[in-house]
Amino acid sequence: MALKYQPHLVNPIVFRSSGSATLKPNSLRCNLSVSSTTIHVSVSEPEPVFASVKTFAPATVANLGPGFDFLGCAVDGLGDYVSLTVDSTVHPGQISISQISGDPAASKLSRDPLFNCAGIAAIEAMKMLGIRSVGLSLSLQKGLPLGSGLGSSAASAAAAAVAVNEIFGGKLGEEELVLAGLKSEEK
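1. Here's the deal with the nonpolar core
A general feature of soluble globular proteins is that nonpolar side chains tend to end up buried together. Residues Leu84, Leu136, Leu138, Val164, Ile167 and Phe168 are the most contacted members of the largest nonpolar core, which totals 36 residues. Put simply, the parts of the chain that give this core at least two residues each are strand 4 (52-61), strand 5 (73-86), strand 6 (95-102), helix 1 (117-129), strand 7 (136-142), helix 2 (152-167) and helix 3 (174-185). If one sorts the elements of this core by residue count, helix 2 sits on top with nine residues. For Val164, the residues in contact, after removing those within four places along its chain, are Leu84, Ala122, Ala125, Met126, Leu129 and Leu136.

2. A few points about the pattern of salt bridges
If you walk through the whole model with that rule in mind, you get two salt bridges. Lys183 serves as the salt-bridge partner of Glu186, at 3.7 Å between the closest nitrogen and oxygen. For Glu186, a relative accessible area of 60% puts it in the exposed group.

3. What to know about the side chain of Ser184
Here Ser184 lies in helix 3. What makes Ser184 buried here is its relative accessible area of 1%. For Ser184, the side chain forms a polar contact with the main-chain oxygen of Gly181, separated by 2.6 Å. Setting aside its immediate chain neighbours within four residues, Ser184 contacts Cys117, Ile120, Ala121 and Ala157.

4. Focus on the confidence of the model for the chain
Close inspection of predicted coordinates is inappropriate in any region flagged by low pLDDT. Per-residue confidence for the chain gives a mean pLDDT of 81; residues scoring 70 or more make up 74%. For the stretch residues 1-13, pLDDT sits under 50, and the model shows seven contacts to residues farther than four places along the chain or on other chains. Scored below 50 in pLDDT, residues 20-35 makes 32 contacts in the model with residues more than four places away or belonging to other chains.

5. A short note on the packing of helix 1 against helix 2
In the contact formed by helix 1 and helix 2, the axes pass within 7 Å of each other and the chain directions differ by 30°. On the basis of the axis angle, helix 1 is roughly parallel to helix 2. Two packed elements cross with a definite hand, and for helix 1 against helix 2 that hand is right-handed. Counted together, Cys117, Ala118, Ala121, Ala122, Ala125, Met126 and Leu129 of helix 1 and Ser153, Ser156, Ala157, Ala160, Ala161, Val164 and Asn165 of helix 2 form the full contact between these two elements. A class-by-class count of the residues in the contact of helix 1 with helix 2 yields eleven nonpolar, three polar and no charged.

About the cut-offs
- Residues numbered from 1 in each chain as written.
- Predicted model: local features only at pLDDT ≥ 70, side-chain atom pairs only at ≥ 80, totals over all residues.
- Heavy atoms only, no water.
- Core = buried A, V, L, I, M, F, W, Y, C linked by side-chain atoms within 4.5 Å.
- Buried < 20%, exposed > 50% of the residue type's maximum accessible area, 1.4 Å probe, protein only.
- Helix = DSSP H or I, 4+ residues; strand = E, 2+ residues; numbered from the N terminus.
- Contact = heavy atoms within 4.5 Å.
- Salt bridge = Lys/Arg side-chain N within 4 Å of Asp/Glu carboxyl O.
- Polar contact = N/O pair within 3.5 Å; in protein donor to acceptor, adjacent residues only side chain to side chain.
- pLDDT = per-residue confidence, 0-100.
- Axes fitted to C-alpha atoms, helices over the stretch in contact; angles between N-to-C directions.
- Parallel < 35°, antiparallel > 145°, perpendicular 65-115°, else oblique.
- Left-handed = near helix turned anticlockwise from the far one by under 90°.
- Nonpolar A, V, L, I, M, F, W, Y, C, P; charged D, E, K, R; others polar.

In structure tokens, the structure reads:
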């Protein structure tokens, strides 16, 4: 098995707000049997390192001539913001969408995290991290018009996945974050 370190080419913008959260430590115990040998591995659920974070994901354009839907670029200044907070009123291991604001058409978006791109990506990132003891509250500020061709749903999903990752210390890599965002595009 080979491991490769690849520095981040593009760093998301993350605004951190430190705060104290009274959270209980949890761990997951795994047993792996190989031949007649049993290996015990204790995997700890990551604790939040911030009480809240705010992330930004830019608009994107992929209509670049012969590279249609293959080549793309980020648009400077336009995008979506996600604010994520550790919330003791949200059932542990779940996420709640508390608010969607911004674009006037944003009121059409579902606040049910199972039917919202930001919610789906956040849930997937939580699953990847093994989060089961902390509830999170998400607020989405749409800076992109819906259906504009500027990657509105992808921006919401990317900002949400990065927010979940950052609130728990940035343990997921770029590949996992992309997979979390792609999960939201399946529906």
